[in-house]
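Take a look at the letters that make up each chain.
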Amino acid sequence: MSALTLSYNNIGGEFPVGFSDLGKLRKLAIDHNSFSSTIPPEFGSLSRLTALQASDNFLFGSIPGSFASLSGLKVLDVSNNRLTGQLSDYVAMNLVSMTSLTITGNDFQGTIPSGICSMSRLYTVDVSDNQFTQNIPECFFELNVLTYVMMNGNNFYGPIQDFISHQLVVLDLRYNYFSGSLPSSVLSANLLTVLALASNQFTGELVGIGSSPRLQAIELDSNAFSGPVSVYVRCAV
């Protein structure tokens, strides 16, 4: 069996350890159920797994260190659970195939580990509505295919660096403590549709903001921007 999909049911109880015996499993989808347990460390034995979708359950505890063995994992979605703890730098640096990391709506704490920079194919990262803090690792901004970046509702602080990626479509950093001026890569991102930076401590002028022809929404309220505003309104119809 290479795929097992149990999404949108009312299946409860513990996360079945028996799943780890399915050595050929590539996709496991158990999202939108009522599983209530930790994630078994035995899952690290699923060496062929490329997608784990376990959002909207009642999972708790931390992400097992055995996930470092899942080097082929491309999609991880454990959003809207009750997971806690810190993201392991060792685990992150071994998930080299990751393209989509979605862990929103949990209670993760600590920092974003620099190991995330090993995910060179990462284009979607959603860590919103957790308890993360401190600066974002500088190497994160060097990931060159970042497209959807959602970090709202945490306790991040410090400046935002220039993004290397020219593919940014959504940048949501609301409700944090980011500071400093906006880098030119954000002000002039050509593919940007949503720029949400409300409720931070950003400063500086907003020269050229909104120059993306695809921009649909800008949220900059409750910051410390100053000076004249030069806004280009060329939103796509």
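Structure report, in brief. Fair warning: this is a prediction, and the values are worked out from it, not measured in the lab.

**Focus on the sheet that holds strand 17 (residues 194-196)**
Logical step 1: Pairing within the open sheet is parallel, and its 10 strands lie in the order 1-3-5-7-9-11-13-15-17-19. Of all strands in the sheet, those with a lone pairing partner are strand 1 (3-5) and strand 19 (217-219), marking the two edges. Adjacent strand axes in the sheet meet at a mean angle of 10 degrees, parallel and antiparallel pairs treated alike.
Logical step 2: Note that strand 5 (residues 51-53) and strand 7 (residues 75-77) share 3 bridges and pair parallel. Paired with leucine 52 across the two strands is leucine 76, which belongs to strand 7.

**Let's talk about the side chain of serine 55**
Logical step 1: By the secondary structure assignment, serine 55 is in the loop between strand 5 and strand 6 (60-61).
Logical step 2: Ignoring sequence-local partners within four residues, the contact set of serine 55 consists of Asp31, His32, Asp77, Val78, Ser79 and Asn81.

**Here we look at the pairing of strand 14 (residues 155-158)**
Logical step 1: Of the two faces of strand 14, the one lined by Phe156 and Gly158 is fully buried and the one lined by Asn155 and Tyr157 carries no buried residue.
Logical step 2: In terms of strand pairing, strand 12 (residues 131-134) meets strand 14 through 2 bridges, oriented parallel. Each residue of the ladder has a partner; that of threonine 133, found in strand 14, is asparagine 155.
Logical step 3: When strand 14 meets strand 16 (residues 177-180), the two strands line up parallel, connected through 2 bridges. Paired with tyrosine 157 across the bridge in strand 16 is tyrosine 177.

How each quantity is defined
Residues numbered from 1 in each chain as written. Predicted model: local features only at pLDDT ≥ 70, side-chain atom pairs only at ≥ 80, totals over all residues. Heavy atoms only, no water. Pairing = 2+ DSSP bridges. Helix = DSSP H or I, 4+ residues; strand = E, 2+ residues; numbered from the N terminus. Axes fitted to C-alpha atoms, helices over the stretch in contact; angles between N-to-C directions. Contact = heavy atoms within 4.5 Å. Buried < 20%, exposed > 50% of the residue type's maximum accessible area, 1.4 Å probe, protein only.

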